[in-house]
Amino acid sequence: MTVNLIGLDQEALRGFCAGLGEKPYRARQLLRWIHHAGVDDFSAMTDMSRVLRERLAQSASIGAPRVLHDTTAADGTRKWLLDVGTGNAIETVFIPETNRGTLCISSQAGCALECSFCSTGKQGFNRNLTVEEIIGQLWLANRSLGRGVTEERPISNVVMMGMGEPLANFENVVAAMRLMLDDSAYGLSRRRVTLSTAGLVPGIDRLGDACPVALAVSLHAPNDALRDELVPINRKYPIRELLAACLRYLSKAPRDFVTFEYVMLEGVNDSADQARELAALVREVPCKINLIPFNPFPGVGYRRSGPEAIARFRDVLMQAGLVATVRKTRGDDIAAACGQLAGRVQDRTRRTRSPQQEPSR
Ligand code: SAH
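Residues numbered from 1 in each chain as written. Predicted model: local features only at pLDDT ≥ 70, side-chain atom pairs only at ≥ 80, totals over all residues. Heavy atoms only, no water.

Trainee: Sorry, what's going on with the nonpolar core here?
Mentor: If you look at the biggest cluster of nonpolar residues, it comprises 114 residues, and the most contacted ones within it are Leu30, Met177, Met180, Leu207, Phe260, Ile289 and Leu317. Per element, the largest residue contribution to this core is eight residues, and it comes from helix H6 (residues 170–181). Residue contributions to this core reach at least three from each of two domains, namely domain 1 (3–61) and domain 2 (66–352). Leaving out residues up to four positions away in the same chain, Phe260 has contacts with Val217, Leu219, Leu243, Cys246, Val282, Val285, Cys287, Lys288, Ile289 and Asn290. (Core = buried A, V, L, I, M, F, W, Y, C linked by side-chain atoms within 4.5 Å. Buried < 20%, exposed > 50% of the residue type's maximum accessible area, 1.4 Å probe, protein only. Helix = DSSP H or I, 4+ residues; strand = E, 2+ residues; numbered from the N terminus. Domains from an automatic or database assignment. Contact = heavy atoms within 4.5 Å.)

Listed below in structure tokens is the structure:
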């Protein structure tokens, strides 16, 4: 058995090097080759002796998930469909903007939380992704986007907002984020790595201790009755507890606000009264509110709020003194927008199989 070095952090790589009788500094060299240079072939590691390179090739590998599909949308958003074995696929999305490039990474094949408006949730849960599969998405995207050692980086930000609930795969997500933050690997600042959660309260507390990064919380409703319906995990961790966890997190976080995501569903959560209720609800928490126009997918019963309803909702929040923005819909022509990522996860529930999202091979 060879070990896949792509998922090992600096400490684990030091252990691996010690096993080969090599000095600890080799770990940093390996990190640089693998993650800075995007190399997957030990023979390219020219600052190591030929003997060492051969020993590495015998005992280790560098591997990311296989790309099944690579699609670019009209607006430049790019989506990769990746094979993670046994009939499971996940999706990774790159969103280019004028002065930054954001990679949206998946943390699970499927999702167990069953939020009523999310296509990943409709697929059911399959399994947690490994560290290799999580960091492999960044590694692959970096390579595909043509980043060399000296080139400017196309990926300046990472959001853990793809398929799955990242806090439900805590250990692997944190290990992958440590690689994102390590200067010898991707060197991203904590403020440019954002984890989005549907509201796993104990996970938010653990994250604050283990690996504080920017936090986004999928709120979506101004009261428990509606949130219970849209985000069923709310029955376990109701809004009050969630907001208290956000406040605790802020004392440890690299940013001084939490982002609340709020999907705009016509006639469900988009009235002016609900905006006022939301403003009152979050008054105590330093936050920004990101309104996400609902992205439809086959078989779903919701509709996107109209532009007037979204503008009115935002205005009410702003009049109440909150910072509110509307997320630009990107890549929806290739089903790469928020909530449209379905991969080719085996549908355990058989509720909403959508053949048009299966890759043609
Ligand atoms: N499980 C995490 C990570 C997913 S992030 C979380 O819930 O935060 C994806 C974001 O897109 C979440 O805010 C999610 O609620 C939102 N979303 C899901 N389905 C959507 C849809 N169909 N249209 C718009 N946003 C959606």
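That covers the picture; the talk isn't over yet.
Trainee: Just to check I follow, could you spell out the site of the ligand for this structure?
Mentor: As a structural note, the neighbourhood of the ligand is formed by 21 residues, with Phe117, Ser196, Ser218, His220 and Asn295 the closest of them. One of the side-chain nitrogen or oxygen atoms of His220 is found 2.6 Å away from an oxygen atom of the ligand. The separation between an oxygen atom of the ligand and a polar side-chain atom of Glu261 is 3.2 Å. When the ligand sits alone it has 540 Å² of accessible area, and the protein chains cover 95% of it. Among the secondary structure elements, those contributing two or more residues to the shell around the ligand are strand S10 (193–197), strand S12 (258–264) and strand S13 (287–293). Of the residues contributing to the shell around the ligand, the split by class is eleven nonpolar, eight polar and two charged. (Near = heavy atom within 4 Å. Polar contact = N/O pair within 3.5 Å; in protein donor to acceptor, adjacent residues only side chain to side chain. Areas by Shrake-Rupley, 256 points an atom, 1.4 Å probe, with all protein chains shown as cover. Nonpolar A, V, L, I, M, F, W, Y, C, P; charged D, E, K, R; others polar.)

Trainee: Sorry, what's going on with the sheet that holds strand S14 (residues 323–326) here?
Mentor: The pairing of strands in a sheet comes from backbone hydrogen bonds and takes either a parallel or an antiparallel form. Strand order in this open sheet of ten strands is S3-S4-S5-S6-S9-S10-S11-S12-S13-S14, and the pairing throughout is mixed. Each edge of the open sheet is held by one strand with a lone partner, namely strand S3 (66–72) and S14. In this sheet, adjacent strand axes meet at a mean angle of 20 degrees when their direction is disregarded. Relative to strand S9 (residues 157–160), strand S6 (residues 101–104) is paired through three bridges, and the arrangement is parallel. Its bridge partner lying in S9, Cys104 is registered against Val159. Along the sheet face, helix H5 (residues 131–144) touches S3, strand S4 (78–83), strand S5 (89–96), S6 and S9 and points at about 130 degrees away from the line of S4. (Pairing = 2+ DSSP bridges. Axes fitted to C-alpha atoms, helices over the stretch in contact; angles between N-to-C directions.)

Trainee: Explain the pattern of salt bridges to me, please; I cannot follow it from the model alone.
Mentor: Note on pairing: side chains with opposite charge can pair once their charged atoms come close. Here the structure, examined in full by the defined rule, presents 16 salt bridges. Arg78 is the partner of Asp70 in a salt bridge, and the nearest nitrogen-oxygen pair spans 2.7 Å. On the accessibility criterion, Arg78 (18% relative accessible area) is buried. One salt bridge connects Glu133 with Arg127, and the closest N-O pair in it is separated by 2.9 Å. Taken together, the salt bridges that share partners define one network made up of Glu22, Arg26 and Arg55. (Salt bridge = Lys/Arg side-chain N within 4 Å of Asp/Glu carboxyl O.)

Trainee: I'm lost on the domain arrangement of the protein chain in this one. Help?
Mentor: Where interface size is given, it is often the accessible area lost as the parts come together that is meant. What the domain assignment reports for the protein chain is domain 1 (3–61) and domain 2 (66–352). Taking only C-alpha atoms, the centre of domain 1 and the centre of domain 2 are 33 Å apart. Every contact between the two is made by 16 residues of domain 1 and, on the other side, 14 residues of domain 2. Buried surface at the junction of domain 1 and domain 2, summed over both partners, amounts to about 1,300 Å²; 56% is from carbon and sulfur atoms. Among the residues domain 1 hides against domain 2, the three largest losses belong to Ile6, His35 and His36. Together they make up 44% of the total. Here Arg143 and Asp40 are joined by a salt bridge, their closest N and O atoms 3.6 Å apart. Linking domain 1 to domain 2 there are six residue pairs in polar contact (both at pLDDT 80 or more). With six residues, the top contributor of residues to the side of domain 1 that touches domain 2 is helix H2 (residues 25–36). (Buried area = accessible area lost by both parts, 1.4 Å probe.)

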